[in-house]
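Coordinate analysis (summary)
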Amino acid sequence: MLVSLAKSVTGAADSGIWLQPILAGLVGYVLADLGSGVYHWGIDNYGDENTPVFGSQIEAFQGHHKWPWIITRRQFANNLHALARAVSFTVLPIDLIFNDPVLHGFVGVCLGCIMFSQQFHAWAHSTKSKLHPLVVALQDAGVLVSRSMHGAHHRPLYDSNYCIVSGVWNELLDTYKVFEALEMILFFKLGVRPRSWSEPSSNWTEETDT
């Protein structure tokens, strides 16, 4: 990811063209938030621990609804390693093949935000007193998903505010019921019901931190 960002900066410096790489980075940042929401919605609502490839993440996210504070106690590397692995395998061939600063501006920021989304998520569960003032300022400015916005996701039926990078897409997706429409399509096409249509089970009900 850092190589990709470095290629974007050096390419822009060599060409003297900065606007396009910067705009590409902004697009990457915005789309990373959307991607985090779609992915979060999918693993919250479909599959189980036996699902190929995604089973462990589905199980972990279901457990997260019951014990949401645990994410704040994990080490930084613990929160990031799974996404970092996927990002590394995605970005490495792009780094080796391409030198376009606009492409790398998009890739570096988008996949960087996706990789760090679980840390942004952890910060959204932390109390303000335990966060660095810069993190709090970014949350308050809407650059990172805020504690109040993500807190709304942890209220039954856990069917809103899925985006966990900045949360900029949450209002639009929830207002226009985008995920509800996708759930209806999947139900009528495949007969699969999302978990959000059912009353939360004990596996989803938050337990008090003791």
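Up top is the structure these notes are about.
Residues numbered from 1 in each chain as written. Predicted model: local features only at pLDDT ≥ 70, side-chain atom pairs only at ≥ 80, totals over all residues. Heavy atoms only, no water.

1. Thoughts on the packing of helix H2 (residues 19-45) against helix H9 (residues 178-190)
- Between H2 and H9, the least distance of the axes is 12 Å, while the angle of their chain directions is 45°. The pairing of H2 with H9 is recorded here as oblique in orientation. Read as a crossing pair, H2 and H9 show a hand that is right-handed. In this structure, H2 uses Gly37, Val38, Trp41 and Asn45 to contact H9, whose residues at the interface are Phe179, Leu182, Glu183 and Leu186.
- Broken down by class, the residue content of the contact of H2 with H9 amounts to 5 nonpolar, 2 polar and 1 charged. (Axes fitted to C-alpha atoms, helices over the stretch in contact; angles between N-to-C directions. Helix = DSSP H or I, 4+ residues; strand = E, 2+ residues; numbered from the N terminus. Parallel < 35°, antiparallel > 145°, perpendicular 65-115°, else oblique. Left-handed = near helix turned anticlockwise from the far one by under 90°. Contact = heavy atoms within 4.5 Å. Nonpolar A, V, L, I, M, F, W, Y, C, P; charged D, E, K, R; others polar.)

2. What to know about helix H6 (residues 133-141)
- Looking at H6, one finds that the buried residues are Val135, Val136 and Gln139. Relative to the axis of H6, the buried residues are bounded by an arc of 100° and lie together on one face. For H6, exposure combined with an orientation more than 90 degrees from the buried face picks out Pro133, Leu134 and Ala141.
- Where H6 is buried, its residues touch helix H5 (101-125) and helix H7 (147-153). (Buried < 20%, exposed > 50% of the residue type's maximum accessible area, 1.4 Å probe, protein only. Arc of directions from axis to C-beta.)

3. Topic: the side chain of Arg147
- Structurally, Arg147 is set in helix H7.
- Here Arg147 sits buried without a salt bridge, and the closest side chain of opposite charge, Asp140, lies 4.1 Å off (N-O distance).
- A polar atom in the side chain of Arg147 sits 2.2 Å from the side chain of Gln139.
- In contact with Arg147, other than residues within four places in its own chain, are Trp123, Ala124, Ser126, Lys128, Leu131, Val136, Gln139 and Asp140. (Lys, Arg positive; Asp, Glu negative; His and termini not counted. Salt bridge = Lys/Arg side-chain N within 4 Å of Asp/Glu carboxyl O. Polar contact = N/O pair within 3.5 Å; in protein donor to acceptor, adjacent residues only side chain to side chain.)

4. Re a nonpolar patch on the surface
- On the surface, Val9, Trp18, Leu19, Ile22, Leu23 and Leu26 cluster together into a nonpolar patch covering about 580 Å² of accessible area.
- For the nonpolar patch, the leading source of residues is H2, giving 4 residues.
- When its relative accessible area of 56% is taken as the criterion, Leu19 is described as exposed. (Patch = residues over 30% accessible without salt bridge, like charges linked within 9 Å, V, L, I, M, F, W, Y side chains within 5 Å. Areas by Shrake-Rupley, 256 points an atom, 1.4 Å probe, with all protein chains shown as cover.)

5. Describing helix H4 (residues 76-97)
- The end-to-end C-alpha distance of H4 is 30 Å, a good match for the 32 Å that 22 residues give at a rise of 1.5 Å each.
- At Ala82, H4 shows its largest kink, close to 40°.
- Taken residue by residue, H4 has Asn79, Leu80, Val87, Val91, Ile94 and Asp95 as its buried positions.
- For H4, the elements touching its buried residues are helix H1 (2-15) and H5. (Expected span 1.5 Å × (residues − 1). Bend = angle between axes of the 7 residues up to and from the residue.)

6. Some thoughts on the packing of H2 against helix H3 (residues 55-66)
- Where H2 contacts H3, the axes come no closer than 8 Å and their chain directions differ by 85°. With respect to H3, the axis of H2 lies roughly perpendicular. Here Tyr39, His40, Ile43 and Asp44 of H2 lie close against H3, whose contacting residues are Gln57, Ile58, Phe61 and His65.
- Residue classes in the contact of H2 with H3 are distributed as 4 nonpolar, 3 polar and 1 charged.

7. A short note on the environment of Glu59
- Looking at the element boundaries, Glu59 is found in helix H3.
- What makes Glu59 partly exposed here is its relative accessible area of 48%.
- With 11 residues separating them along the chain, Glu59 and Asp48 place their C-alpha atoms 6.2 Å apart.

8. Points about the pattern of salt bridges
- For the structure on display, the rule yields 1 salt bridge.
- Measuring nitrogen to oxygen at the nearest pair gives 3.9 Å for the salt bridge that ties Lys177 to Glu180.

9. Side note on the environment of Ala86
- Looking at where Ala86 falls in the secondary structure, it is placed in helix H4.
- Accessibility expressed as a relative area gives 43% for Ala86, which makes it partly exposed.
- For the pair Ala86 and Met115, spaced 29 residues apart in sequence, the C-alpha separation works out to 8.5 Å.

Taken by themselves, the reported measurements are silent on function.
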